[in-house]
Amino acid sequence: MHFSVLASGSTGNAIYVESGEYSFLVDAGLSGKQMELLFQQIDRKMDKLTGLLVTHEHSDHIKGVGIVARKYKLPIYANEKTWEAMNPLIGEIPLEQKFHFDMETVKSFGDLSIESFGVSHDAAEPMFYIFHEGEKKLVLVTDTGYVSDRMKGIIRNADSYVFESNHDVQMLRMGRYPWNIKRRILSDVGHVSNEDAAIAMSEVIGDRTKRIYLAHLSQDNNIKDLARMSVSQTLEGKGIVLHDGLSLYDTDPKIPTILTAI
């Protein structure tokens, strides 16, 4: 199994995952043209995709969903409430390309199994995905106000994580956003801070965890170096020391990470 965080943040989100003959795009929050350019950068072609998985209906996750799906005739997978919220936003999609992927269920494609689980975010029914291939496990979890004990049990001991580390609380509180937006981000249906993300990570990292990608970093209320330092210091305070076998990475809003093997 290989994956790349193609884009991450409020300007657009997309993650590519492949396993053998199957490959999936998780969200398409950029224009169709931008998505094609991102695929070129990882030397992959969109017409080879097996399908498109949607996490929730916010524009930074679905901006390119309709365009990409129609152009490449891709099946789209989302739960019922997300479909209801997303339908008027993505244009007409042929019925044969619409598929339901209910929360807390598993779909299998050859040796690849995809598990869905709910998160806490201000969307119709937001959910993210875990990719399983044999003993290998990739967890994608962003856009959640907090990480519940139920979520921790589901995502524990993965080989790789793409984990939200959205903001530094002090930067957000002192920043230019109006209070209603700050309150939303800080709420249980907003976004996870650097420190809270690290605390959650410390409780789910296992002996087989090798890579953690910090994702959905706020461009206004976070800095890559600050996020990495905050997370690493919190992990160390919990007795988890980063080393060659357990590495921490950040993601760029518009530059794909390298295609990484799990």
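Conventions and cut-offs
- Within every chain, residues take consecutive numbers counted from 1 along the sequence as written.
- The model is predicted, so local features are restricted to residues of pLDDT at least 70 and side-chain atom pairs to those at 80 or more, both for listing and for counting; the totals for chains, interfaces and linings are taken over all residues.
- Side-chain measures here rest on the full set of heavy atoms in the structure, leaving out hydrogens and waters.
- The pocket and cavity definitions rest on a 1 Å grid over protein atoms only: a 1.4 Å probe that fits but cannot leave marks a cavity, an open set with protein on both sides within 12 Å along at least five of seven lines marks a pocket, and residues lining either have an atom within 4 Å of a point.
- Grid points are joined across faces, edges and corners, and a volume is the space filled by probe spheres set on the points.
- Elements are defined by DSSP. Helices are runs of H or I of four residues or more, strands are runs of E of two residues or more, and each kind is numbered from the N terminus.
- Three labels apply to residues, based on accessible area from a 1.4 Å probe with only protein chains included: buried if under 20% of the type maximum, exposed if over 50%, partly exposed otherwise in between.
- The definition of a polar contact used here is a pair of N or O atoms within 3.5 Å, where within protein one atom must be able to donate a hydrogen and the other to accept one, and adjacent residues in sequence count solely through side-chain atom pairs.
- Residues are treated as being in contact if the distance between any of their heavy atoms lies within 4.5 Å.
- Take the buried Ala, Val, Leu, Ile, Met, Phe, Trp, Tyr and Cys residues and link them wherever side-chain atoms come within 4.5 Å; each set so joined is a nonpolar core.
- Note on pairing: two strands pair once DSSP finds at least 2 bridges between them.

Q: What exactly am I supposed to notice about empty space enclosed by the protein here?
A: Where empty space is left in the structure can be found by rolling a water-sized probe over the atoms. Enumeration over the complete set of coordinates arrives at one cavity of 30 Å³ or more. Estimates place the volume of the largest cavity at around 80 Å³. Together, Ala 7, Ser 8, Asn 13, Ala 14, Ile 15, Val 26, Asp 27, His 61, Phe 128, Thr 142, Ala 215 and His 216 line the largest cavity.

Q: Help me out: how do you make sense of the side chain of Thr 260 in this one?
A: Tracing the chain through its elements places Thr 260 in strand E14 (residues 260-261). We classify Thr 260 as buried; its relative accessible area is 4%. Among the polar contacts made by the side chain of Thr 260, one reaches the side chain of Tyr 213 at a distance of 3.1 Å. Polar contacts involving the side chain of Thr 260 include one to the main-chain carbonyl oxygen of Ile 258, which spans 3.0 Å. Setting aside anything within four residues of it in sequence, one finds Thr 260 in contact with Met 1, His 2, Phe 3, Arg 211 and Tyr 213.

Q: I'm lost on the nonpolar core in this one. Help?
A: Nonpolar side chains in soluble globular proteins tend to end up buried together. Residues Leu 53, Ile 114, Phe 131, Ile 155, Phe 163, Met 201 and Ile 212 are the most contacted members of the largest nonpolar core, which totals 50 residues. Among the nonpolar cores identified, the runner-up in size contains 26 residues, and Ala 28, Leu 49, Ala 69 and Trp 83 belong to it.

Q: Would you explain the environment of Asp 47 in this entry?
A: With respect to the helices and strands, Asp 47 occurs in the loop between helix H1 (32-41) and strand E4 (51-53). Along the chain, Asp 47 and Leu 74 lie 27 residues apart, while their C-alpha atoms are 8.4 Å from each other.

Q: Explanation requested: the pairing of strand E8 (residues 112-118) in the structure shown.
A: Counting buried positions over the seven residues of E8 gives five, a clear majority of the element. In the sheet, strand E7 (residues 106-109) pairs with E8 via four bridges, with the strands oriented antiparallel. Residue pairing in the sheet places Ser 108 in a bridge with Ser 113 of E8. Note: E8 against strand E9 (residues 127-133), seven bridges, orientation antiparallel. By the bridge assignment for E9, Ser 113 is matched with His 132.

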